[in-house]
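One letter stands for each residue in the lines below.
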Amino acid sequence: MSDTESDKIFAGSIPKLYEEYLVPLIFEPYANDLANRLVSRPLSRVLEIAAGTGVVTRRLASALPGSVSIVATDLNQPMLDMASETGTKRPVEWRQADAMQLPFEEGAFDAVVCQFGVMFFPDKSRAFSEARRVLRPGGVLLFNVWDRIEENEFAQTVTTALESLFPRDPPRFMARTPHGYYDPETIGRDLRGGGFASPPNVHTVAARSRASSSRIPAIAYCQGTPLRSEIEARDKSRLGEATDVAADAIARRFGPGPVDGKIQAHIVAVER
């Protein structure tokens with residue numbers, strides 16, 4: 001399996017580690033941001049794509065009126081299983097679905113929401129076209145993507161640290177995929193390719209990523225994302241060593257105690 005193919009696999013122990021470590025580390029602030037951007041809109045039905053372990057779903061279920069139905073989907077059933085197990089404050093429909101071919105009728109939703117999933121879509125214009133198809137006229141597609149890796153300090157530190165462990169073939173998952181789709185012009189072009197005629201509104205939002213020790217972000221990135229598959233493809237016996245190397249690099253950069261690093265993302269909204 002190539003690195004690119006493994007980028008989309010969230011299985012095994014990854015969903016649990018993702019929920020335990022990554023969600024509080026980097027995802028919760030942006031989940032709140034996305035949900036808050038929807039609360040003032042007239043909504044009756046919302047679709048979430050690439051819902052992962054449900055951090056945005058939980059926030060939507062809390063922030064939106066009970067009359068708004070929420071359908072949360074993901075390509076990876078193990079991630080949805082973790083989301084369902086974690087639960088929400090009110091009922092949500094969980095459904096396995098491919099963003100490239102959504103199993104819903106045209107105009108079925110008032111909003112389509114996606115947190116940090118667009119970067120994984122193999123044909124982004126096609127995925128945007130599907131999102132547009134299931135939106136009613138006037139409905140909104142709202143999503144976020146990570147800014148370039150240099151603006152996201154823990155991800156950059158981990159990626160650079162692993163170069164010393166695998167100098168001939170360093171794992172590049174973080175730079176290639178999560179932080180590889182950050183150019184607003186490219187995003188706008190792909191949205192036009194998906195049929196959106198209106199220009200998107202793009203807002204860049206910085207936040208802080210905090211943890212009680214350097215080991216937490218090291219585990220989060222090395223073991224709770226598909227970076228794990230890249231490390232194990234090179235040498236399965238070195239996952240623990242890779243995590244240690246990442247933790248040491250974070251401690252050297254941010255200090256030996258609690259750590260605090262910058263994260264930054266683009267929030268994109270476009271109406272049908």
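**Student:** Outline the packing of helix H2 (residues 14–38) against helix H3 (residues 55–63), listing residues and values.
**Tutor:** At a closest axis distance of 8 Å, the pairing of H2 and H3 adopts a crossing angle of 40°. With respect to H3, the axis of H2 lies oblique. As for the relative orientation of H2 and H3, their crossing is right-handed in sense. Every residue of H3 that contacts H2 at Glu19, Val23, Phe27, Glu28, Ala31, Asn32, Leu34, Ala35, Asn36 and Leu38 is listed here: Val55, Val56, Arg58, Arg59, Leu60 and Ala63. Here the contact of H2 with H3 is built from residues that sort into ten nonpolar, two polar and four charged.

**Student:** How would you summarise the environment of phenylalanine 116 if you had to cite specific residues and measurements?
**Tutor:** Summarising the element assignment, phenylalanine 116 is placed in the loop between strand S4 (109–115) and helix H5 (124–134). Sequence spacing of phenylalanine 116 and glutamate 28 is 88 residues, and the spatial spacing of their C-alpha atoms is 12 Å. When sequence neighbours within four positions are dropped, the list of residues in contact with phenylalanine 116 reads Phe27, Tyr30, Asn144, Val145, Trp146 and Ala265.

**Student:** How would you explain the pattern of salt bridges if you had to name every residue and give the values?
**Tutor:** Applying the stated criterion to the full structure yields 21 salt bridges. The partner of aspartate 33 in a salt bridge is arginine 37, and the shortest N-O contact between them spans 2.6 Å. Pair noted here: aspartate 33 and arginine 37 are both in helix H2, with a separation of four residues, about one helical turn. Taking relative accessible area as the criterion, aspartate 33 reaches 17% and is therefore assigned buried. On the basis of relative accessible area, arginine 37 is assigned to the partly exposed category, the value being 31%. Across the pair arginine 208 and aspartate 260 runs a salt bridge, and its minimum N-O distance is 2.8 Å.

**Student:** Run through the packing of aromatic side chains, naming residues and quoting values.
**Tutor:** Tallied over the full model, the rule gives ten aromatic pairs. Seen in terms of ring centroids, tyrosine 30 and tryptophan 146 are 5.4 Å apart; in terms of plane orientation they differ by 85°. Their pairing is edge-to-face. Highlighted residues: tyrosine 30 in helix H2 and tryptophan 146 in strand S5 (residues 135–146), separated in sequence by 116 residues. Judged by its relative accessible area of 1%, tyrosine 30 is buried. Residue tryptophan 146 is classed as buried on the basis of its relative accessible area, which comes to 4%. Members of the aromatic cluster, joined through ring pairs, are Tyr18, Phe27, Tyr30, Phe116 and Trp146. A cation over a ring is seen here: lysine 124 above tyrosine 181, with NZ or CZ 4.9 Å from the ring centre. Here arginine 238 stacks its cationic end above the ring of phenylalanine 166, 5.4 Å away from the centre of that ring.

What counts and what doesn't
Residues numbered from 1 in each chain as written. Predicted model: local features only at pLDDT ≥ 70, side-chain atom pairs only at ≥ 80, totals over all residues. Heavy atoms only, no water. Axes fitted to C-alpha atoms, helices over the stretch in contact; angles between N-to-C directions. Helix = DSSP H or I, 4+ residues; strand = E, 2+ residues; numbered from the N terminus. Parallel < 35°, antiparallel > 145°, perpendicular 65-115°, else oblique. Left-handed = near helix turned anticlockwise from the far one by under 90°. Contact = heavy atoms within 4.5 Å. Nonpolar A, V, L, I, M, F, W, Y, C, P; charged D, E, K, R; others polar. Salt bridge = Lys/Arg side-chain N within 4 Å of Asp/Glu carboxyl O. Buried < 20%, exposed > 50% of the residue type's maximum accessible area, 1.4 Å probe, protein only. Phe/Tyr/Trp six-rings, centres within 6.5 Å; stacked < 30°, edge-to-face > 60°. Lys NZ or Arg CZ within 6 Å of the ring centre and 35° of its normal.

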